[in-house]
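Each chain is listed here by its residues.
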Amino acid sequence: MSAPTIAVVICAYTQLRWGDLQDSVESAKRQPAATEVVVVIDHEPELFLRAAARWPELRVVENAEDRGLSGARNTGVALTDADVVAFLDDDATADDDWLAHLVEALALPDVVGVGGRATPSWPTTTGAGPYPDELLWIVGCSYTGLPVEAGDVRNVIGSSMAFRRDVVLAAGGFRSGIGRVGNQPLGCEETELCIRISRMHPGARIRFEPRSNVSHRVSADRVSMRYVRRRSYYEGISKAVLSRRVGAKDSLSSESTYLARVLPKALFRELRDVRRGGAERAVAIVSCVLGTVLGYAVGRFLGAFVVTAPAPVPARAAAEQPVGAP
C-alpha cells in the first residue's frame, strides 16, 4: 500500500497566542510525514489576516461553522482530502517524530484514532505551581492515571491526536454544543467523538502512543488555584453534557477509577509532604474534586431544562463511505 496522505490541522482563536501559534505551525511543517498543514482561525478576522500573511504557502482558512473548537476542527476536516487528519493545539509544539509515531499506530489492525503524550512547559516564573502530576489534565497535558505504555484507550487528549478522516466524517465530525469556545475552559469534545466512533464501529480501536510527544505550553494565568477551581468546575459541566449525550456509563467509565483510586493516593502522598509544597497540592486536589462535582451537578440540573439540537454535519461529510485504512 502507498503511504497515507496526512493533513495536520491547527485551530487558533486569539492573537494572545501568536508566538505559540508560530511555534506550533513551524513544528507541524517539520513533520516528514505531513502532506499538508491547515490553519483554521476561529472567528477572529485580524488573526486570520495575520496568519494568512505569515504562511502564504499553507491553507489558512476561517472557521465555517459555529464559533468554537469543534466547528474549527470540522472546518479543517472538511477542507482536506487527506487519508488521515492529525490535530495539534495552537499552544503545543510537536517533537520532530510526533506525527510518524501517530501514523505508525494507525497502521495497526482496526485502529481508527490515536493520541500521543502532552508534556507541560511551565512558565519560568512559577514552575508547576499547585499541580501534582495527577491534575495535569487541567492544563491539557498527560497526567498520572493515564496508561504509561502504548495500548488501547477510551479516548485521546485533544492537544495531540490523529484519526482516519473517513471515520470522522462517517461519525458526523466533532459535535457543537460541547467543548471549548474561546477561553471558556470546557472540554470533552474529543471524548464524545471517540465514544461515538466506538459505538458506530464495534471492534474499532482508539490507541495511545506515548512515543508521540508534544510540548504543551502552560500560560502563567493557568498556574493558580483560581484556574484549578475554574477549570474543574467547567470540566464537571462538560461531563454532564457528555453524560446526556452518550450516557453516564461510557462518559464516566475512566473517571470513576481516577476518582476512587488515583486521587486519594495522590492526596495522602501530598499530605505526607507538606513541607515541600504538599499542602498546596493537596488543596488543589480537593478543590479539583469539589469543583468537578459541583459543575457536574449544575450541568445535570440545567440539562433537565435544555433540549439539545442535532449536531451539524461537516460540509463534505460522507457518512455513506465505508471505514477504510489510511
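Residues numbered from 1 in each chain as written. Predicted model: local features only at pLDDT ≥ 70, side-chain atom pairs only at ≥ 80, totals over all residues. Heavy atoms only, no water.

Draft legend 1. Quick peek at the overall build of the chain. Counting its regular elements, the chain contains ten helices and nine strands. The C-alpha radius of gyration of the chain comes to 19 Å, within 12% of the 20 Å expected for a compact globule of 326 residues. For the chain, the spread of C-alpha atoms along the principal axes amounts to about 55 × 40 × 40 Å. Of all intrachain contacts in the chain linking residues separated by at least 6 positions in sequence, the fraction that spans at least 24 positions is 78%. Surface accessibility of the chain: about 14500 Å² in total, with carbon and sulfur atoms responsible for 56%. (Helix = DSSP H or I, 4+ residues; strand = E, 2+ residues; numbered from the N terminus. Rg over C-alpha atoms; globule rule 2.2 N^0.38 Å. Contact = heavy atoms within 4.5 Å. Areas by Shrake-Rupley, 256 points an atom, 1.4 Å probe, with all protein chains shown as cover.)

Draft legend 2. A look at helix 1 (residues 18–29). With twelve residues, helix 1 should reach 16 Å at 1.5 Å per residue; the first-to-last C-alpha distance of 16 Å fits that figure. Looking only at helix 1, the buried set comprises Trp18, Asp20, Leu21, Ser24, Val25, Ser27 and Ala28. In this fold, the buried residues of helix 1 make contact with strand 1 (6–12), strand 2 (36–41), helix 2 (45–54), strand 4 (84–88), strand 5 (92–94) and strand 9 (205–217). (Expected span 1.5 Å × (residues − 1). Buried < 20%, exposed > 50% of the residue type's maximum accessible area, 1.4 Å probe, protein only.)

Draft legend 3. Spotlight on the pairing of strand 4. Among the five residues of strand 4, five are classified as buried, and the element is accordingly described as predominantly covered. The alternating pattern of strand 4 places Val84, Ala86 and Leu88 and Val85 and Phe87 on opposite faces, both of which are buried. In terms of strand pairing, strand 1 meets strand 4 through four bridges, oriented parallel. Counted as the bridge partner of Ile6 is Val84 from strand 4. (Pairing = 2+ DSSP bridges.)

Draft legend 4. How the structure looks around the state of the cysteines. Counted under the stated rule, the structure contains zero disulfides. Between Cys141, a cysteine without a disulfide, and Cys288, which holds the nearest cysteine sulfur, the sulfur-to-sulfur distance is 15 Å. Look at Cys141 and you get buried, because its relative accessible area is 1%. The thiol of Cys288 is unpaired, and the distance to the nearest cysteine sulfur, on Cys188, comes to 13 Å. (Disulfide = S-S within 2.5 Å.)

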